[in-house]
Amino acid sequence: AAQREQDRLVGAALGRVLAALEAGGGRDADAAATVLSSCLVPVLARHARNESLVDASRHAALYGATLRVLSALAAEPSLAPALACAVTDAADDAAAADAA
C-alpha cells in the first residue's frame with residue numbers, strides 16, 4: 001500500500017512536469033538549468049533503469065509517466081542534455097551496484 005501511494009505521488013509529479021514541458025516550459029535557458037539542477041534527472045534515471053519486466057508491470061503507470069517525460073525532454077533541444085545526464089547517472093549507479 002505504501003509503495004502504491006509513493007508511485008501515485010511520483011506519477012502525479014511527473015504528470016505535472018510533463019504538462020509543463022508540453023506547454024513549452026522547457027524552451028528557455030532558465031528552464032533547462034532548472035531541470036538539469038533538479039532531482040528530476042536522477043529520478044528519471046532510477047526509474048528508466050528497469051530492474052525487470054515484472055517490476056515494470058507492477059509499476060506500469062509510473063514507468064509510463066517516466067517514459068513520457070523522457071520523450072518530452074528528448075523533443076526539446078535545450079533539455080536533451082538532461083538525457084545524457086540520466087544515462088551517466090544510471091551507468092554510475094549500475095557500476096556502484098556491481099562493485100558492492
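First, a word on scope: everything that follows refers to the structure included in this document. Keep in mind that what you see is a predicted model, and the values were worked out from it rather than measured.

### Some points on the overall build of the protein
- What the protein contains, in helices and strands, is 6 helices and 0 strands.
- Going from the N terminus to the C terminus, the protein shows its helices and strands as α-α-α-α-α-α.
- Taken across its 100 residues, the protein has 31% of its residues classed as buried.
- Look at the contacts in the protein between residues 6 or more apart in sequence, and 70% of them connect residues 24 or more apart.
- Summed over its atoms, the accessible surface of the protein is roughly 6,100 Å², and 61% of this surface lies on carbon and sulfur atoms.

### Looking at the nonpolar core
- Counting residues in each nonpolar core, the largest one holds 16 residues, and the members touching the most others are Leu14, Leu21, Val35, Leu44, Val69, Leu73 and Leu79.
- Going through the elements one at a time, helix H1 (2-22), helix H2 (29-37), helix H3 (40-48) and helix H5 (60-75) are the ones with two or more residues in this core.
- Considering each element in turn, this core owes the most residues, 6 residues, to H5.

### Structural notes on the environment of Ala61
- The topology assignment puts Ala61 in helix H5.
- Taking relative accessible area as the criterion, Ala61 reaches 63% and is therefore assigned exposed.

### Thoughts on the pattern of salt bridges
- Counting across every chain of the model gives 1 salt bridge.
- A salt bridge links Glu5 to Arg8; its shortest N-O distance comes to 2.8 Å. Placement of both Glu5 and Arg8 in helix H1 is noted, with a separation of 3 residues, approximately one turn of the helix.

### Examining the layout of surface pockets
- Looking at the second largest pocket, its volume works out to about 180 Å³.
- If you go around the second largest pocket, you meet 12 residues; those closest to its centre are Arg46, His47, Asp55, Leu62 and Tyr63.
- When residues of the lining of the second largest pocket are traced back to their parent elements, those giving at least two are H1, H3 and H5.
- With 4 residues, H1 is the single largest residue contributor to the lining of the second largest pocket.
- Grouping the amino acids of the lining of the second largest pocket by side-chain chemistry returns 3 nonpolar, 4 polar and 5 charged.

### Quick word on the environment of Arg49
- Tracing the chain through its elements places Arg49 in the loop between H3 and helix H4 (53-58).
- Among the residues examined, Arg49 registers a relative accessible area of 26% and is labelled partly exposed.
- Counting along the chain gives 14 residues from Arg49 to Tyr63, while the straight-line C-alpha distance between them is 9.9 Å.

### Brief notes about H5
- With 16 residues, H5 ought to run about 22 Å at 1.5 Å a step, and its terminal C-alpha atoms sit 22 Å apart, in line with that.
- Those residues of H5 not exposed but buried are Leu62, Tyr63, Gly64, Ala65, Thr66, Val69, Leu70, Ala72 and Leu73.

### Description of the environment of Ser37
- The topology assignment puts Ser37 in helix H2.
- When its relative accessible area of 62% is taken as the criterion, Ser37 is described as exposed.
- In sequence terms Ser37 and Ala82 are 45 residues apart; their C-alpha atoms lie 9.4 Å from each other.

Reading the values: rules and limits
Residues numbered from 1 in each chain as written. Predicted model: local features only at pLDDT ≥ 70, side-chain atom pairs only at ≥ 80, totals over all residues. Heavy atoms only, no water. Helix = DSSP H or I, 4+ residues; strand = E, 2+ residues; numbered from the N terminus. Buried < 20%, exposed > 50% of the residue type's maximum accessible area, 1.4 Å probe, protein only. Contact = heavy atoms within 4.5 Å. Areas by Shrake-Rupley, 256 points an atom, 1.4 Å probe, with all protein chains shown as cover. Core = buried A, V, L, I, M, F, W, Y, C linked by side-chain atoms within 4.5 Å. Salt bridge = Lys/Arg side-chain N within 4 Å of Asp/Glu carboxyl O. 1 Å grid on protein atoms, 1.4 Å probe; cavity = no way out; pocket = protein on both sides within 12 Å on 5 of 7 lines; lining within 4 Å. Points joined across faces, edges and corners; volume = space filled by probe spheres on them. Nonpolar A, V, L, I, M, F, W, Y, C, P; charged D, E, K, R; others polar. Expected span 1.5 Å × (residues − 1).

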